Amino acid sequence: MLYSEKVMDHFEHPRNVGEITNADGVGQVGNPKCGDIMKMYLKINNGVITDVKFKTFGCGSAIATSSMATELIKGKPIEEAAKLTNAAVVEALDGLPGYKMHCSVLAEEAIKAALADYHRRRGEEVPEELRLPCDGEEHGCCSCGH
Ligand code: FES
């Protein structure tokens, strides 16, 4: 079987799909390898992620990794969510085929972009680990997909 049971489960029944209208941070990223897009919404209370939703125009692996990523950061402090790596998400899903690893990057980057947006909205400096190649703004000026 190419995909683990967990990947198939999260692909067929993705958790936390949708949007949050009054989100505290929103991040959108694109995958330069395939053009797929991910949007992440965070509700943050006292430094803790109380709700998270995502929407994607992406493949099954992007859906499964995002679904798992939202489950991993829900209820966690933002500092912890900022450290979530795509490798950790893939591990929680019992692996992905090598050529689909790039799909898992979308979830990690979308979370980072949403957290960066949260800090920006509060007038705070965006921590170094949350900075994406173009800082999450939609400039269309680099190859990171924004
Ligand atoms: Fe684009 Fe998977 S093929 S995210």
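Residues numbered from 1 in each chain as written. Predicted model: local features only at pLDDT ≥ 70, side-chain atom pairs only at ≥ 80, totals over all residues. Heavy atoms only, no water.

Some remarks on the pairing of strand S2 (residues 37-45)
So, step 1. Bridging between strand S1 (residues 25-30) and S2 involves six bridges; their strand directions are antiparallel. Bridge assignment links Gly-30 to a residue of S2, and that residue is Ile-37.
So, step 2. Linking S1 back to S2 in an antiparallel pair, the connection comprises six residues, with Gly-35 at a positive phi of about 85°.
So, step 3. Taking the residues that link successive antiparallel strands as the turn, the S2-strand S3 (residues 48-57) hairpin has two residues, and the phi of Asn-46 there is positive, at about 50°. (Pairing = 2+ DSSP bridges. Helix = DSSP H or I, 4+ residues; strand = E, 2+ residues; numbered from the N terminus.)

Remarks on the sheet that holds S1
So, step 1. One open sheet holds the three strands; their spatial order is S1-S2-S3, and the pairing between them is antiparallel. The open sheet terminates on both sides in strands that have one partner only, identified here as S1 and S3. If you compare each strand with its neighbour and ignore which way they point, the axes differ by 15° on average.
So, step 2. Of the strands in this sheet, S2 and S3 are in contact with helix H2 (residues 60-73), which crosses S3 at around 175°.
So, step 3. Lying over the sheet, helix H5 (residues 101-121) contacts S1, S2 and S3, oriented at roughly 140° with respect to S1. (Axes fitted to C-alpha atoms, helices over the stretch in contact; angles between N-to-C directions. Contact = heavy atoms within 4.5 Å.)

Structural notes on the nonpolar core
So, step 1. One finds Leu-42, Ile-49, Ile-73 and Leu-115 to be the most contacted residues of the largest nonpolar core, which totals 34 residues.
So, step 2. Of all the elements, H5 adds the most residues to this core, at nine residues.
So, step 3. Excluding residues within four positions of it along the chain, Leu-115 makes contact with Leu-42, Ile-44, Ile-49, Ile-78, Ala-81, Ala-82 and Leu-130. (Core = buried A, V, L, I, M, F, W, Y, C linked by side-chain atoms within 4.5 Å. Buried < 20%, exposed > 50% of the residue type's maximum accessible area, 1.4 Å probe, protein only.)

Comments concerning unusual backbone geometry
So, step 1. Within the chain, Asn-16 stands out as a residue other than glycine whose phi angle is a positive 60°.
So, step 2. Looking at the secondary structure, you find Asn-16 in the loop between helix H1 (5-12) and S1.
So, step 3. A relative accessible area of 12% places Asn-16 in the buried class.
So, step 4. Even without being a glycine, Asn-46 presents a positive backbone phi close to 50°.
So, step 5. Among the secondary structure elements, Asn-46 is positioned in the loop between S2 and S3.
So, step 6. Judged by its relative accessible area of 79%, Asn-46 is exposed.

Things to note about the packing of H1 against H2
So, step 1. For the pair H1 and H2, the least separation of the axes is 8 Å and the interaxial angle reads 90°. If you check the angle between H1 and H2, you find them roughly perpendicular. Note on element contacts: H2 touches H1 through Gly-60, Ile-63, Ala-64, Ser-67, Met-68 and Glu-71, opposite Val-7, His-10 and Phe-11.
So, step 2. Across the contact of H1 with H2, the residue classes break down as five nonpolar, three polar and one charged. (Parallel < 35°, antiparallel > 145°, perpendicular 65-115°, else oblique. Nonpolar A, V, L, I, M, F, W, Y, C, P; charged D, E, K, R; others polar.)

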